[in-house]
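Examination of the molecular architecture
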Amino acid sequence: MDVRLLQRQWVDHISALFREGFLDAQFTRLQKLQDASTPDFVVEVVTLYFEDADRLLNNLWNTLSQPVVDFKKVDAQVHRLKGSSVSIGAQRVKNACVCFIICCEEGDLEACFGCLHRLKLEFTQWKSKLEALFRIEQQIVAAGGSLPMI
Amino acid sequence: MAVVTEAQFHVLAVDDSLIDRKLIERLLITSSFQVTTVESGSKALEFLGLHEDNQKTPSASLQHEIEVNLVITDYCMPEMTGYDLLKKIKKSSAFKDIPVVIMSSENVPSRINRCMEEGAEEFLLKPVKLSDVNRLRPRMLEGRSNEKQRLPRNIDDNDVGASCSSVAAKDSIISINGGRNSANISGSKRKAGKEEEEVGLLHERIRPRFSNNNGGGGFTVL
């Protein structure tokens, strides 16, 4: 495929991610930290985030499923996921964490399960959109092009 | 042509989150600092050569002949918080003059005040930005000039004969990264540093200084 077409696809895709609130300014800062000496920096940290979030979401499920729920532990785990989401610029996931934290403070187990469900949806959606973005990036590089500056 | 290079500043970054360690490392290297990252307060103390009970031990930093110019640590960490680490460093006669900066994703005024009262240099709100990191340079310049003026330290009596557990630098936990070649940077760095030093010394810290998230310094990464 034509490199320019791929680059346009990339710009459209990432612009939509910002417009729809999936990404915030922090993601732009990550992109600016990437340079010739660290060409895979963004992919590396986002991949770490995928793994971290997957693990935390599983842990949250386990913690909420205990006979006696330790809400402090739930709170700590959600805070951890919120922290990572803030660092990556995953805005909607971060917002879902904020809601979850409020439910934890109220000790409302049913609401917490609801929050966890929503958090999983937000994260799954975010992950698939970033994976799509990275696929376009790979195609651009394979075609001999470079990522546009935005 | 001989190029006189200033020794780079070395920062010890402490965070239990791998993502945040990667980020802070990248920010610091981009700002031409050398970085060592560790995952906990106890690993930080090990690296410095300070046991948890403030006894000195053979340190990875001494083994690698590294002088730590600044410690930057996350607040919320399991077992030993950044606040606990700050207190231990400030209570230590050998390391109390190392500037310590706290990072946190939560804007809690009582937390900030507590840290500043305990001697933290700065309290940075996450996500930490390049402009935040660049503000740290004057702190390290001050620390270095203080050290040159200081008389040789006396080793505490406690240090003599203290049991020395061997401390191996564990590659999976500690990563030591060289910064960029400072040959061309040192000239401009010295100039920028001098200006910042003058500004920094003019500002008395009347109240805690901490970053907010109102945009950044507009720093351009080349």
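Just so it is clear, the structure is predicted and the values come from calculations on it, not from any experiment.

Calculation notes
Residues numbered from 1 in each chain as written. Chains lettered and ligands numbered in written order. Predicted model: local features only at pLDDT ≥ 70, side-chain atom pairs only at ≥ 80, totals over all residues. Heavy atoms only, no water. 1 Å grid on protein atoms, 1.4 Å probe; cavity = no way out; pocket = protein on both sides within 12 Å on 5 of 7 lines; lining within 4 Å. Points joined across faces, edges and corners; volume = space filled by probe spheres on them. Helix = DSSP H or I, 4+ residues; strand = E, 2+ residues; numbered from the N terminus. Nonpolar A, V, L, I, M, F, W, Y, C, P; charged D, E, K, R; others polar. Contact = heavy atoms within 4.5 Å. Buried area = accessible area lost by both parts, 1.4 Å probe. Salt bridge = Lys/Arg side-chain N within 4 Å of Asp/Glu carboxyl O. Polar contact = N/O pair within 3.5 Å; in protein donor to acceptor, adjacent residues only side chain to side chain. Buried < 20%, exposed > 50% of the residue type's maximum accessible area, 1.4 Å probe, protein only. UniProt positions renumbered as here; feature names shortened; annotations may be inferred.

1. Comments concerning empty space enclosed by the protein
In this approach the atoms are scanned with a rolling probe the size of a water molecule, which exposes any empty space left behind. On inspection of all chains with the given rule, the structure shows one cavity of 30 Å³ or more. Taken as a whole, the largest cavity holds about 80 Å³ of empty space. Lining the largest cavity are Gln 26 and Ser 87 of chain A together with Asp 15, Asp 20, Leu 23, Ile 24, Leu 27, Met 103, Lys 126, Pro 127 and Val 128 of chain B. Ranked by residue count, the leading element in the lining of the largest cavity is helix H1 (residues 18-30) of chain B, at four residues. Of the residues assigned to the lining of the largest cavity, the class counts are six nonpolar, two polar and three charged.

2. Considerations on the layout of surface pockets
What the second largest pocket holds in volume is close to 520 Å³. Considering the residues around the second largest pocket, the lining is formed by 27 residues, among which Ala 76, His 79 and Arg 80 of chain A together with Asp 16 and Cys 76 of chain B are closest to the centre. At the level of elements, helix H3 (41-64) and helix H4 (71-88) of chain A together with strand E4 (100-104) of chain B are the ones that each hand at least two residues to the lining of the second largest pocket. Examining the composition of the lining of the second largest pocket, we find that nine residues originate from one element, H4 of chain A, more than from any other. Class assignment for the residues of the lining of the second largest pocket results in seven nonpolar, eight polar and 12 charged.

3. Examining the interface of chain B and chain A
Counting from both sides, the interface comprises 17 residues of chain B and, opposite them, 20 residues of chain A. Across the interface of chain B and chain A, roughly 1600 Å² is buried in total on both sides, 64% from carbon and sulfur atoms. A salt bridge links Arg 26 of chain B to Asp 35 of chain A, with the shortest nitrogen-to-oxygen separation between them at 3.2 Å. Counting every contact that joins chain B to chain A gives six residue pairs in polar contact (both at pLDDT 80 or more). No other element matches the eight residues that H1 of chain B contributes to the side of chain B that touches chain A. Residues belonging to the side of chain B that touches chain A are distributed by class as follows: seven nonpolar, two polar and eight charged.

4. Side note on the pattern of salt bridges
Residues and elements named next belong to chain A. This structure, assessed with the given rule, holds 16 salt bridges over all chains. With a shortest N-O distance of 4.0 Å, Glu 122 and Arg 118 are connected by a salt bridge. Of the two residues, Glu 122 and Arg 118 both sit in helix H6 (residues 109-142), four residues apart, roughly one turn of that helix. Given the relative accessible area of 12%, Glu 122 is considered buried. Given a relative accessible area of 35%, Arg 118 falls into the partly exposed group.

5. So, the UniProt feature "modified residue: 4-aspartylphosphate" (unreviewed entry) in chain B
Residues and elements named next belong to chain B. Within the UniProt annotation, "modified residue: 4-aspartylphosphate" (unreviewed entry) is assigned to Asp 74. The residue Asp 74 is located in strand E3 (residues 70-74) in this model. Discounting residues that sit within four places of it in the chain, Asp 74 has contacts with Val 14, Asp 15, Asp 16, Gly 82, Met 103, Ser 104 and Lys 126.

6. Focus: the UniProt feature "modified residue: Phosphohistidine" (unreviewed entry) in chain A
Residues annotated by UniProt as "modified residue: Phosphohistidine" (unreviewed entry) correspond here to His 79 of chain A. If you trace the backbone, His 79 of chain A turns up in helix H4. Apart from residues lying up to four places away in sequence, His 79 of chain A is in contact with Ile 101 of chain A together with Glu 106 of chain B.

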